[in-house]
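A look at the structure
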Amino acid sequence: MSEYRITLESGESFMAKQGELLLDAALRQGVTINHSCRNGTCRTCLFEIKEGSVTQEGEEICMISQQERENGRRLLCMSTANSDAVLGKLQRRKRASEGSAVE
Amino acid sequence: MEEKVIVMGEAGRKAVDDASAVLKRLYYTERECMRTLGGYLVSVSDWELKKKLPYHIWQDSLRADALRSRVLELRYPRRDVDQDHDEALTQYLQQLIRSLNDAELIVGVYFVTKQALAEAYDTYLTESDPLDDAPTYEFMRRFSSEIHAQLDEIRAIYDALPEVISNEDHTRTQALSELLQEIGGLFGTEASKGPVSISEALVREPYTAPLVPARDPRFRKAIYHMPPVEWNTFLEHQIWGGINHVNEIWAAEVPGTVLWKWDDMPWEFYLETARWCFDESRHCMMGEQRMKAWGFRTGIDFPVVGDHYESVSHMGELALLCLLHDFETNGPGLKSTFKAKFEKMGDTASSQDFDYDWADESIHLQYGYKWCLHRLGGDNDKLEDLKDEVRETWNAWIEQAHQRWDYEPFLSELRQKIVKFEAMACE
């Protein structure tokens, strides 16, 4: 069975088996990811995929819009990896009234 | 020759179409009582009433949901269940929120309408067939006793209201009872269809929710709720955390306000928002229970205000809901940390409270995201912008409030008590 390396921007990383939910994999290996509901509804574990391919499972029940998915966001409690991946915290989008993006 | 018909057994009691028509009226009445209580919550002065109503709002929503689901099982078109209500019944229900004080709200919603609901459920069960309509029986047989329990709880609060003690007035009770009778009661009659004239005793301006939430007049005046200082000791953390929890009543008032203001939402919104309202009142009561155990008097020994609500209410209901949603976005991280910290220090009462609060907030995050986005036409960017805007508005408001008030005399008094508690711990 394939296994993928998932790296967080903090530098921490963990391995995820094919089909394994990324939050479950992280917690199993002692990597802390802020989370709560564990069923894709509270959005606490919303991340941006910087590199690699990650599938959002259960799109129909998860509280994530198509707009967000197209922008590379995923809820880790309900996502699986298809390759090695790098995950980043959400970058605040530039507001129309602002001259530059603010983090 | 005409065939002679022989019928064995009892005569039929209620046809499916008649049952669905009555159940729809009862659903509508429950729903509007719930929305009325939600809308008026921010205007309620009495502290005991303020804490009690969210529980009843939630119970009302569950009864309404059971009735609505049953109507749809009875060959009733889905598109019609939330519309085309009897105009006269609508007119009656619209009077309920036009109350001048807590006592008038109780009279209209509880002593007239809920009393009539309890009687209507008893009548329905008597007049319909317990086998043919068994699915209705299964839930409805609990409704009357549940409403009587609500009435008992509210009666105790009502009797202690200052406006009742000084001058109990039965004019409104009588006028609403007469109006209800005129429209054929909650069951209605064919003759009751169409608009009715409203007696002078009931004529009032349409209800407007205040921008600053009402607080019990017995409470001492304050501008904001959290002491403007960092907590240094675990004891301070326990007490500051308790004050913060009690003041979560604002977070019950926000769902209450949108329950009332938004009258065109899918049913699921009302059901979820009623639960949200109740949960936040539970968080408030969790804090109050802990503060009482320390010997603190609510609103006297620490402030109870509506500072968060007040800071953005001028921006409208969506801004209010969005501010609540934004605060809850940080909830899981904050509440899980509190749970772990209190657990480690051996304060299991507080850790348990935060544990359940954390679970509740996981649900609320779903509600907040879903319904704010719904109001914004599904545009996630707009939601993020609005969250930024209300957070900035709150930050500016509280910064200005800190300049206006130094939290005295509450801060000195709280610190004196903390010194006493620390001395007791050393004995």
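Predicted model, so just to flag it, every value in this text is computed and none were measured. (Residues numbered from 1 in each chain as written. Chains lettered and ligands numbered in written order. Predicted model: local features only at pLDDT ≥ 70, side-chain atom pairs only at ≥ 80, totals over all residues. Heavy atoms only, no water.)

Observations regarding the overall build of chain B
When you go through chain B residue by residue, the secondary structure sums to 17 helices and zero strands. Structurally, chain B occupies a C-alpha span of about 100 × 50 × 45 Å along its principal axes. Counting only residues that meet the buried cut, chain B has 56% of its 427 residues in that class. Residue pairs at least 24 apart in sequence account for 82% of intrachain contacts in chain B once pairs closer than 6 positions are excluded. Accessible area for chain B stands at about 19,300 Å²; split by element, carbon and sulfur atoms hold 51% of it. (Helix = DSSP H or I, 4+ residues; strand = E, 2+ residues; numbered from the N terminus. Buried < 20%, exposed > 50% of the residue type's maximum accessible area, 1.4 Å probe, protein only. Contact = heavy atoms within 4.5 Å. Areas by Shrake-Rupley, 256 points an atom, 1.4 Å probe, with all protein chains shown as cover.)

Details of the sheet that holds strand S3 (residues 46–51) of chain A
All names here are of chain A. Spatial ordering of the open sheet is given by S2-S1-S7-S3-S5, a layout of five strands whose pairing is mixed. The sheet is open, and its two edges are formed by strand S2 (13–17) and strand S5 (73–75), each paired on a single side. The average undirected angle you get between the axes of adjacent strands in this sheet is 40°. (Pairing = 2+ DSSP bridges. Axes fitted to C-alpha atoms, helices over the stretch in contact; angles between N-to-C directions.)

Comments concerning the pattern of salt bridges
Taken as a whole and assessed by the stated rule, the structure comprises 48 salt bridges over all chains. Linked by salt bridges that have partners in common, Arg43(A), Glu48(A), Lys50(A), Glu68(A), Arg73(A) and Glu384(B) make up one network. (Salt bridge = Lys/Arg side-chain N within 4 Å of Asp/Glu carboxyl O.)

Focus on the pairing of S3(A)
Here is the key point about a regular strand: its side chains alternate between the two faces of the sheet. All names here are of chain A. Relative to S5, S3 runs antiparallel, the two being bridged by three bridges. Paired with Leu 46 across the two strands is Leu 75, which belongs to S5. Pairing analysis gives three bridges linking S3 to strand S7 (residues 85–88), with the strands arranged antiparallel. Bridged to Glu 51 within S7 is Val 86.

So, the pairing of strand S1 (residues 3–8) of chain A
All names here are of chain A. Burial along S1 is one-sided: the face carrying Tyr 4, Ile 6 and Leu 8 is buried and the face carrying Glu 3, Arg 5 and Thr 7 is not. Bridge count for S1 against S2 is five bridges, and the pairing is antiparallel. Note that in S2 the partner of Tyr 4 across the bridge is Ala 16. Here S1 folds back onto S2, and the loop between the two strands holds four residues, one of which, Gly 11, carries a positive phi near 105°. Sheet topology places S1 next to S7; three bridges connect them, and they run parallel. Paired with Ile 6 across the bridge in S7 is Ala 85.

A look at the nonpolar core
Counting residues in hydrophobic clusters, the biggest one holds 122 residues, and the most contacted among them are Leu26(B), Leu53(B), Leu67(B), Tyr92(B), Tyr110(B), Met140(B) and Ile239(B). Both domain 1 (16–202) and domain 2 (234–426) of chain B contribute no fewer than three residues apiece to this core. Ignoring anything within four residues of it in the chain, the contact list for Leu26(B) reads Leu67(B), Leu117(B), Ala120(B), Tyr121(B), Met140(B), Leu186(B) and Phe187(B). Judged by nonpolar contacts, the second largest core, of 25 residues, contains Leu22(A), Leu23(A), Cys45(A) and Leu87(A). (Core = buried A, V, L, I, M, F, W, Y, C linked by side-chain atoms within 4.5 Å. Domains from an automatic or database assignment.)

Re the domain arrangement of chain B
Residues and elements named next belong to chain B. Split into domains, chain B comes out as domain 1 (16–202) and domain 2 (234–426). Its C-alpha centre places domain 1 at a distance of 30 Å from the equivalent point of domain 2. Facing 23 residues of domain 1, the contacting portion of domain 2 comprises 24 residues. Regarding the contact of domain 1 and domain 2, the summed buried area is about 2,000 Å², with carbon and sulfur atoms giving 74% of it. For domain 1, the biggest contributors to the area lost against domain 2 are Arg 35, Trp 47 and Lys 51; these three give 31% of the whole. Applying the counting rule to domain 1 against domain 2 returns two salt bridges. Here domain 1 is connected to domain 2 by seven residue pairs in polar contact (both at pLDDT 80 or more). Of all the secondary-structure elements, those providing two or more residues to the side of domain 1 that touches domain 2 are helix H1 (16–40) and helix H2 (47–73). At twelve residues, the largest contribution of residues to the side of domain 1 that touches domain 2 is made by H2. A class-by-class count of the residues in the side of domain 1 that touches domain 2 yields twelve nonpolar, four polar and seven charged. (Buried area = accessible area lost by both parts, 1.4 Å probe. Polar contact = N/O pair within 3.5 Å; in protein donor to acceptor, adjacent residues only side chain to side chain. Nonpolar A, V, L, I, M, F, W, Y, C, P; charged D, E, K, R; others polar.)

A short note on helix H9 (residues 234–246) of chain B
All names here are of chain B. The end-to-end C-alpha distance of H9, which contains 13 residues, comes to 18 Å, matching closely the 18 Å that a straight helix rising 1.5 Å per residue would cover. Across the 13 residues that make up H9, a large majority, twelve, are buried. Along H9, the residues that are buried comprise Phe 234, Leu 235, Glu 236, His 237, Gln 238, Ile 239, Trp 240, Gly 241, Gly 242, Ile 243, His 245 and Val 246. The elements touched by buried residues of H9 are H2, helix H10 (249–261), helix H11 (267–294), helix H14 (331–345), helix H15 (348–375) and helix H17 (410–426). (Expected span 1.5 Å × (residues − 1).)

Describing unusual backbone geometry
With an omega of 10°, the peptide bond running from Glu408(B) to Pro409(B) counts as cis. With respect to the helices, strands and loops of the structure, Pro409(B) is situated in the loop between helix H16 (380–404) and H17. Within the chain, Arg38(A) stands out as a residue other than glycine whose phi angle is a positive 65°. Here Arg38(A) shows up in the loop between helix H1 (22–28) and S3.

Brief notes about the side chain of Ser61(B)
All names here are of chain B. Relative to the helices and strands, Ser 61 is located in helix H2. Since its relative accessible area comes to 0%, Ser 61 is described here as buried. Not counting residues within four places of it along the chain, the set of residues in contact with Ser 61 comprises Met 34, Trp 267, Leu 271 and Ala 274.

Describing the environment of Ile183(B)
As for its placement among the helices and strands, Ile183(B) is situated in the loop between helix H8 (171–182) and H9. The spacing of Ile183(B) and Trp47(B) is 136 residues in sequence and 35 Å in space, taken between C-alpha atoms.

Focus: the interface of chain A and chain B
Contact residues are listed per partner, giving 17 residues for chain A and 17 residues for chain B. Counting each side, the surface lost to burial between chain A and chain B is near 1,500 Å², with a carbon and sulfur contribution of 42%. For the pair chain A and chain B, the interface holds one salt bridge. The interface formed by chain A and chain B contains nine residue pairs in polar contact (both at pLDDT 80 or more). By residue class, the composition of the side of chain A that touches chain B is four nonpolar, seven polar and six charged.

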